[in-house]
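In case you want the letters, here they are:
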Amino acid sequence: MSKPFDYSKWDNIELSDDEDDVHPNIDRESWFRMKHRSRVEREDREEADKKKIHDEMAKANLRIKEIAKILSKASSSSAGDDDSDSDDDLEDLDGLRAELKALQAANDGNQAKLDHYEKNKKWNVDNLCHVVEERTIVNTNVGESKFSESGFALPSEAETAAAAAANDKELENNEEGGVPSMELSAAQIADDNETKTTTKSKTSSAVGKTSNTKATTRSTPKLMQPQPNENINSVAVSMMSYHDFTEKYADVVEEFMAIKSLDRSKEFLLQKGDILLQENASNYLLLASLEDEMNGFHEKMKLVARQSQIISNIAELAKSLQRHPGNVIVPFFQRMEDKQLYAGFMEGVNQFIKRIEVRAVQKKAEIEEERLREAREKGADAEDAVDISEIPREQRLGPGGLDPLEVFETLPESMQEAFESREKEKLEEALRSMPLEEAEYHMNRCIASGLWNA
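What you see is a predicted model; the values in this text were computed from it and never measured.

Caption draft 1: Structural detail: the overall build of the chain. The number of helices and strands found in the chain is 16 helices and zero strands. Looking at the chain residue by residue over its 454 residues, the buried ones come to 32%. The long-range share in the chain, meaning contacts at least 24 apart out of those at least 6 apart in sequence, stands at 68%. Carbon and sulfur atoms provide 50% of the accessible area of the chain, an area that totals close to 29,900 Å².

Caption draft 2: A look at the packing of aromatic side chains. For the structure on display, the rule yields four aromatic pairs. Ring centres 5.7 Å apart and planes at 50° place the aromatic pair Phe245 and Tyr249 in the tilted group. Taken as a pair, Phe245 and Tyr249 lie in helix α6 (residues 242-257) at a separation of four residues, close to a single helical turn. Relative accessible area serves as the criterion here: at 0%, Phe245 is assigned to the buried category.

Caption draft 3: The nonpolar core, seen in detail. One finds Leu269 and Ile314 to be the most contacted residues of the largest nonpolar core, which totals 38 residues. When residues of this core are traced back to their parent elements, those giving at least two are α6, α7 (262-276), α8 (279-294), α9 (298-321), α10 (329-335) and α11 (339-377). Per element, the largest residue contribution to this core is eight residues, and it comes from α9. Ignoring any residue separated from it by four or fewer positions in sequence, one finds Ile314 in contact with Leu269, Leu277, Pro325, Val328, Ile329, Phe332 and Phe333. Counting residues in each nonpolar core, the second largest holds 17 residues, with Phe419, Leu427, Cys446 and Leu451 among its members.

Caption draft 4: Main features of the pattern of salt bridges. Inspection of every chain in the model, using the stated rule, returns 11 salt bridges. Close ionic contact of Glu43 with Arg39 constitutes a salt bridge, the shortest N to O distance being 3.8 Å. Here Arg39 and Glu43 lie together in helix α1 (residues 28-80), a separation of four residues that amounts to about one turn. With a closest N to O distance of 3.9 Å, Glu46 and Arg42 form a salt bridge.

Caption draft 5: Quick look at the side chain of Ser289. For Ser289, the location among the structural elements is in helix α8. In terms of polar contacts, Ser289 uses its side chain to reach the backbone carbonyl oxygen of Leu286, at 2.7 Å. If we ignore the near neighbours within four places in the chain, the residues touching Ser289 are Met301, Val304, Ala305, Phe352 and Ile356.

Caption draft 6: Spatial organisation of the packing of α8 against α11. For the pair α8 and α11, the least separation of the axes is 9 Å and the interaxial angle reads 65°. The angle between the axes of α8 and α11 places the two elements in the roughly perpendicular class. Crossing handedness for the pair α8 and α11: right-handed. Counted together, Leu286, Ser289, Leu290, Glu293 and Met294 of α8 and Phe352, Ile356, Glu357, Arg359, Ala360, Lys363, Lys364 and Ile367 of α11 form the full contact between these two elements.

Caption draft 7: Region of interest: α11. The end-to-end C-alpha distance of α11, which contains 39 residues, comes to 57 Å, matching closely the 57 Å that a straight helix rising 1.5 Å per residue would cover. Its side-chain oxygen 2.9 Å from the backbone nitrogen of Gln340, Asp338 forms the N-cap of α11.

Caption draft 8: Quick peek at unusual backbone geometry. Phi at Gln322 is positive, roughly 55°, even though this residue is not glycine. On the accessibility criterion, Gln322 (56% relative accessible area) is exposed.

Caption draft 9: Molecular detail of the packing of helix α14 (residues 413-421) against helix α15 (residues 424-432). Between α14 and α15, the shortest axis-to-axis distance is 8 Å and the interhelical angle comes to 165°. With respect to α15, the element α14 is oriented roughly antiparallel. Judged by the sense of rotation from one axis to the other, the crossing of α14 with α15 is left-handed. On α15, the residues that touch Ser414, Met415, Ala418, Phe419 and Ser421 of α14 are Lys426, Leu427, Ala430 and Leu431. For the contact of α14 with α15, the class distribution of residues is six nonpolar, two polar and one charged.

Caption draft 10: Representation of the environment of Val407. Here Val407 is to be found in helix α13 (residues 404-410). C-alpha separation for the pair Val407 and Arg445, spaced 38 residues apart in sequence, amounts to 6.8 Å. Setting aside residues no more than four positions away along its own chain, Val407 makes contact with Leu402, Arg445, Cys446, Ser449 and Leu451.

Caption draft 11: Expanded view of the confidence of the model for the chain. Taken as a whole, the chain shows an average pLDDT of 75; of its residues, 69% reach a score of 70 or greater. Per-element mean pLDDT across the chain ranges from 39 in helix α4 (residues 182-195) up to 91 in α10. Across residues 380-384, where pLDDT falls below 50, the model places five contacts with residues more than four positions away in sequence or in other chains.

Here is what the cut-offs are and how they apply
Residues numbered from 1 in each chain as written. Predicted model: local features only at pLDDT ≥ 70, side-chain atom pairs only at ≥ 80, totals over all residues. Heavy atoms only, no water. Helix = DSSP H or I, 4+ residues; strand = E, 2+ residues; numbered from the N terminus. Buried < 20%, exposed > 50% of the residue type's maximum accessible area, 1.4 Å probe, protein only. Contact = heavy atoms within 4.5 Å. Areas by Shrake-Rupley, 256 points an atom, 1.4 Å probe, with all protein chains shown as cover. Phe/Tyr/Trp six-rings, centres within 6.5 Å; stacked < 30°, edge-to-face > 60°. Core = buried A, V, L, I, M, F, W, Y, C linked by side-chain atoms within 4.5 Å. Salt bridge = Lys/Arg side-chain N within 4 Å of Asp/Glu carboxyl O. Polar contact = N/O pair within 3.5 Å; in protein donor to acceptor, adjacent residues only side chain to side chain. Axes fitted to C-alpha atoms, helices over the stretch in contact; angles between N-to-C directions. Parallel < 35°, antiparallel > 145°, perpendicular 65-115°, else oblique. Left-handed = near helix turned anticlockwise from the far one by under 90°. Expected span 1.5 Å × (residues − 1). Nonpolar A, V, L, I, M, F, W, Y, C, P; charged D, E, K, R; others polar. pLDDT = per-residue confidence, 0-100.

Listed below in structure tokens is the structure:
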């Protein structure tokens, strides 16, 4: 029968130095330090004694080997000639045997001391275990970011190379089959866009003349629209330029912009996340919300702004969790089920809407300034300028049916001076000096009368 494991060595586990066995009249911290120092000093004394014993045993073992060698030679020589040994040699051999016996007895005594130390060793947190192997692993890619500044995932070098190789292979297959390549289609679209430019808003001066306003429209090309069963490569999408992205996936982003339900937005993102969770899509939503506000579609702008913030918040959450944005769509909408978190999200949306409103006013002023600058360069301020007061009222009515002269007279004095001087800085200063609702009221009347064209 095998001998059972001896657990007696664990009977001498020493309690921690910070045990609550201190007298109330003794300082606790001083008591802990004293106990720790006493234990360390005791262990140091034991280790020094063990080292001394090991050194003595090593010297004794060396002497024992020498004596054993001498006795072995003496016994072999005496076996050949018993009468040749003198009395002195016999006495030396007896002395060596006595020394050998004494050294062995000393070793036995030292070994007994070592066994005693080992058996009665006090185990504590410092000697219960020791490090067998230790190594440090350095991550050489720790300085590389997998996300852009806005939080969208960036493709790795391997993914970029794979996408480029797949694109080259597709181009080769298209050329062999006589199908125009995607680059050629993009070039044709670019040429077509140069001939069919997006209509811009035309502005008129405050007192000089009026003109009909034309709302800016977003054109959705249809030459490169994705098919329903198309296998979309998110890496290839992220590598697209903004122009190529809008040419191919504008309809997908427009469809997402029109979704009012959060549940439907979640489902759509799960289906089209490879397209929508890209920085180009986020930029498209931002520009669309600004364009809608400038064109007077305030309610539509609010919906687009909310959808834009959904994309931005998913990207920020993915960046904080160091995960791909597609993997945090469900966690994000689960958070939206919490009323407090949803209220915080909507507060951020409202702040974003306010920034869009302010930027829309500034953008309109910039467009007007640019128009005036071009008009001055073309001689629009020449002597042949027509006095608006001489035009019949029915003809000078603005696109909203208001008379610009009547609207001008109702404007605050600061805005009248700004329109008369045609200085954008004065107009912006005048608008900032009044409440937002009042500024919007006057600007809407100016647009409706033709004093300001959106």
